[in-house]
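Structural overview for review
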Amino acid sequence: MGLATVWLLRRSATGVQQAIAAEREAHAAAQRRFLHRLSHELNNVATVLQVGLGNLSSSTRGETGPPTTVANALLQIERLGRLTKGLGTLARLDALGVQRAPVDLGEVLAEAMEMARHAAGGDQRTVAVAAPAPPAGQGVLLGDRDLLVQAVYHLVDNALRFSAPGAAVDVRARRDGRWVAVEVADAGPGLTADDLLHAAEPLYRGRAARGGEGLGLGLPLAQRIAQVHGGRLELRNDARRGTRAILWLPLATMSSAHAHTPRDE
Amino acid sequence: MKPTILLVDDEKALTAELAPFLERSDFKVAVARDGEEALALVETAKPDLIVLDVVMPRLNGREVCRQLRSRGDWTPVIMLTQIGAAVERGMTLEEGADDYLNKPFDPFELVARIRAVLRRTGARVRPIASARRLVSGALVVDRTSRRAFLGERELMLTTKAIAALEYLMLHHGEVIRRARMLEEVWGWDYPGATRAVDVRVAEVRRALGDDAGEGRFIETVVGEGYRFTAPVVVEA
């Protein structure tokens, strides 16, 4: 095979890869538009229900607040509201504007963990930080601090949901080439093969999560936030037990031409 | 006399529930089904405040608001938005709405907002929401360049901290719940995350030299949220 043939083959292979990538992106964009419209429609329905129940409760409201049935229905509508708003955020994340400013990863981790602890309530589950940040001075993370906090928060929150009281959630950040990996590991039951495939899909809830309070939006949001930063979310079971969620984020010093994708382990 | 609210939404099921709710809350209510009807009704019904849905056929809410403002009509407007819409508003300045509420909303919250906006706006003057500069004593927030100054000194604040300060100043005198701020400045809506608000408000206070207990500008309302207590002057 001559050099020219090899060159031509390589070029057409790159073309095919680009076409596949473009098609994937078009498909993902269509899905986001769908989510946006769905969220909009459901929001309208939820609004009518909420105002209707407001009418009911304001005519029956006493010192003790709305009757139980109305209060329960209101709680469900609140849940529906969180769901539709979450879907809307997921669909419109890029449009909401992603800032690119230097981010102190240690601060991001600390804030996310404090939020998750607060959300978990006063139970016995603990969050331990093994290594709060990658070694200093080795590249800067450019990104949207608040979004990154949100992403890590969802990973920690998710890990806490699957942890037994007293069990620790381990959070660490490390550098790997041109990437930073934020790892959140729990000692829970681990994910099933199905969970591993689908856990980052919106509204997917694994068997272990059913009946719980989750909405099935935390991991998809974390994944989307990683993507708008040029990174990705990896989920895997640890060899011994538990699940490890890894948020891969590119360091700012790289020029995109030399970037390599995070390696699959 | 009861204030008149013009309720504009193409969703009939919603106006059918919301109109009686507002009436029971001691308002007179007029209803318009789309933007064009709304513009016509503003002339005849002379509402004290307009509750305006954003997404509508024919003329959408943002356009209605722009048209009103461009003809010098400063009737207060509360815009009903989808989450994130208030966050992605570089357009707010031009749009000139007085407040935003994400759907779905608690109708009691809407009534509280209507009362707050009516209190704040009183006479029909240019709304604070369309001010380019917010001034409170030595503190100046330039909303166009998104910079803040205390006297001669520029305050080094993150974008979110400026947005938080701006939001509190725009709603000065009102107690702003942390969850509300989180939803409207950050575009998030889940429990626990209100810590993010505390972090940004603390950043603003540090920059202002404002003590958390006895802030000159921002007061902590224990168990509720924050209130910008100093008077705010609007500079066009």
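Structure's up top.
Basis of the calculations
- Residues numbered from 1 in each chain as written.
- Chains lettered and ligands numbered in written order.
- Predicted model: local features only at pLDDT ≥ 70, side-chain atom pairs only at ≥ 80, totals over all residues.
- Heavy atoms only, no water.
- Helix = DSSP H or I, 4+ residues; strand = E, 2+ residues; numbered from the N terminus.
- Contact = heavy atoms within 4.5 Å.
- Areas by Shrake-Rupley, 256 points an atom, 1.4 Å probe, with all protein chains shown as cover.
- Phe/Tyr/Trp six-rings, centres within 6.5 Å; stacked < 30°, edge-to-face > 60°.
- Buried < 20%, exposed > 50% of the residue type's maximum accessible area, 1.4 Å probe, protein only.
- Pairing = 2+ DSSP bridges.
- Axes fitted to C-alpha atoms, helices over the stretch in contact; angles between N-to-C directions.
- Expected span 1.5 Å × (residues − 1).
- 1 Å grid on protein atoms, 1.4 Å probe; cavity = no way out; pocket = protein on both sides within 12 Å on 5 of 7 lines; lining within 4 Å.
- Points joined across faces, edges and corners; volume = space filled by probe spheres on them.
- Nonpolar A, V, L, I, M, F, W, Y, C, P; charged D, E, K, R; others polar.
- Right-handed = clockwise from strand over helix to strand, strands pointing away.
- Salt bridge = Lys/Arg side-chain N within 4 Å of Asp/Glu carboxyl O.
- Parallel < 35°, antiparallel > 145°, perpendicular 65-115°, else oblique.

Let us look at the overall build of chain B. When its secondary structure is counted, chain B shows 8 helices and 13 strands. Put simply, 58% of the contacts in chain B that link residues at least 6 apart link residues at least 24 apart. Of the accessible surface of chain B, which amounts to about 9,500 Å², a share of 51% is contributed by carbon and sulfur atoms.

A word on the packing of aromatic side chains. Aromatic rings considered in pairs are described by the distance between their centres and by the relative angle of their planes. Residues and elements named next belong to chain B. All chains considered together, the criterion is met by 2 aromatic pairs over all chains. An angle of 85 degrees between the planes, with centres 5.1 Å apart, marks the rings of Phe21 and Phe108 as edge-to-face. Residue Phe21 is located in helix H1 (residues 12–24), and its partner Phe108 is located in helix H5 (residues 107–121); the two are separated by 87 residues in the primary sequence. What makes Phe21 buried here is its relative accessible area of 2%. Residue Phe108 is classed as partly exposed on the basis of its relative accessible area, which comes to 28%.

With that settled, consider the sheet that holds strand E11 (residues 218–221) of chain B. Residue and element names in this part refer to chain B. Overall, antiparallel pairing links the 3 strands, which are arranged E10-E12-E11 in an open sheet. With one partner strand each, in any of the chains shown, strand E10 (176–177) and E11 form the two edges of the open sheet. Bridge count between E11 and strand E12 (residues 225–228): 4 bridges; the pairing is antiparallel. Bridge pairing links Glu219 to Arg227 in E12. Here helix H8 (residues 195–208) sits on the sheet and contacts E11 and E12; the angle it forms with E11, its principal contact strand, is near 145 degrees.

Residue and element names in this part refer to chain B. Between its first and last C-alpha atoms H8 spans 20 Å; for 14 residues at 1.5 Å apiece the expected length is 20 Å, and the two agree. Judged by how many residues are buried, H8 sits mostly within the fold: 10 of 14 residues are covered. Residues of H8 that are buried include every one of Ala196, Val197, Asp198, Arg200, Val201, Glu203, Val204, Arg205, Ala207 and Leu208, and no others. In the segment just after H8, Gly209 is the residue with positive phi, at about 65 degrees.

In this structure, A:Gln50 sits in helix H1 (residues 3–60). Among the residues examined, A:Gln50 registers a relative accessible area of 12% and is labelled buried. The contacts of A:Gln50, once residues within four sequence positions are left out, are A:Leu74, A:Ile77, B:Pro104, B:Phe105, B:Asp106 and B:Pro107.

Residues and elements named next belong to chain A. For the structure shown, the criterion picks out 2 cavities of 30 Å³ or more. In this structure, the largest cavity spans a volume of roughly 110 Å³. The wall of the largest cavity is formed by Leu155, Asn158, Ala159, Phe162, Val184, Asp186, Leu191, Leu219, Leu235, Thr243, Arg244 and Ala245. Going through the elements one at a time, helix H4 (145–161) and strand E7 (243–250) are the ones with two or more residues in the lining of the largest cavity. Class assignment for the residues of the lining of the largest cavity results in 8 nonpolar, 2 polar and 2 charged.

Residue and element names in this part refer to chain B. Spatially, the 5 strands line up as an open sheet ordered E9-E8-E7-E6-E13, and their pairing is antiparallel. Edge positions in the open sheet fall to strand E9 (153–155) and strand E13 (233–235), since each of these has one partner strand only. The sheet shows a mean angle of 25 degrees between the axes of neighbouring strands, direction not considered. The sheet contact formed by strand E7 (residues 139–142) and strand E8 (residues 147–150) spans 4 bridges and is antiparallel. Bridge assignment links Val141 to a residue of E8, and that residue is Ala148. On the sheet, helix H6 (residues 159–170) packs against strand E6 (133–136), E7 and E8 and is oriented at approximately 70 degrees with respect to E6.

So, on to the pairing of strand E1 (residues 4–8) of chain B. All names here are of chain B. Burial of E1 is extensive: 5 of the 5 residues sit out of reach of the surface. Here E1 runs beside strand E2 (residues 28–32); their pairing, made up of 5 bridges, is parallel. For Leu7, the partnering residue across the bridge sits in E2 and is Val31. Regarding the hand of the β-α-β motif, the stretch spanning E1, H1 and E2 is right-handed. Bridge count between E1 and strand E3 (residues 49–53): 4 bridges; the pairing is parallel.

Here we come to unusual backbone geometry. What you tend to see is this: most non-glycine residues have negative phi, and most peptide bonds are trans. All names here are of chain B. Pro104 follows Lys103 through a cis peptide bond whose omega is -10 degrees. The residue Pro104 is located in the loop between strand E5 (99–102) and H5 in this model. One non-glycine residue, Asp26, adopts positive backbone phi at about 80 degrees. Relative to the elements of secondary structure, Asp26 occurs in the loop between H1 and E2. Notably, Lys46 is not glycine yet its phi reads approximately 45 degrees, a positive angle. By secondary structure assignment, the location of Lys46 is in the loop between helix H2 (35–45) and E3.

Turning our eyes to something else, we now look at the pattern of salt bridges. Scanning the entire structure with this criterion turns up 32 salt bridges over all chains. A:Arg161 is the salt-bridge partner of A:Asp157, the closest N and O atoms lying 3.0 Å from each other. Within this pair, A:Asp157 and its partner A:Arg161 are both found in helix H4, separated by 4 residues, close to a single helical turn. Exposure remark for A:Asp157: the relative accessible area of 11% places this residue in the buried category. Ionic contacts of the salt-bridge type, sharing partners, join the residues B:Asp99, B:Glu109, B:Arg113, B:Glu174, B:Arg177, B:Arg180 and B:Glu184 into one network.

Residue and element names in this part refer to chain B. Remark: helix H7 (residues 178–186) packs on H8, axes separated minimally by 9 Å, with the N-to-C direction vectors making an angle of 80 degrees. As summarised for this structure, H7 and H8 are arranged roughly perpendicular, according to the angle between their axes. Within the contact between the two elements, H7 uses Arg178, Met181, Leu182 and Trp186 and H8 uses Ala196, Val197, Asp198, Arg200 and Val201. Class assignment of the residues belonging to the contact of H7 with H8 gives a composition of 6 nonpolar, no polar and 3 charged.

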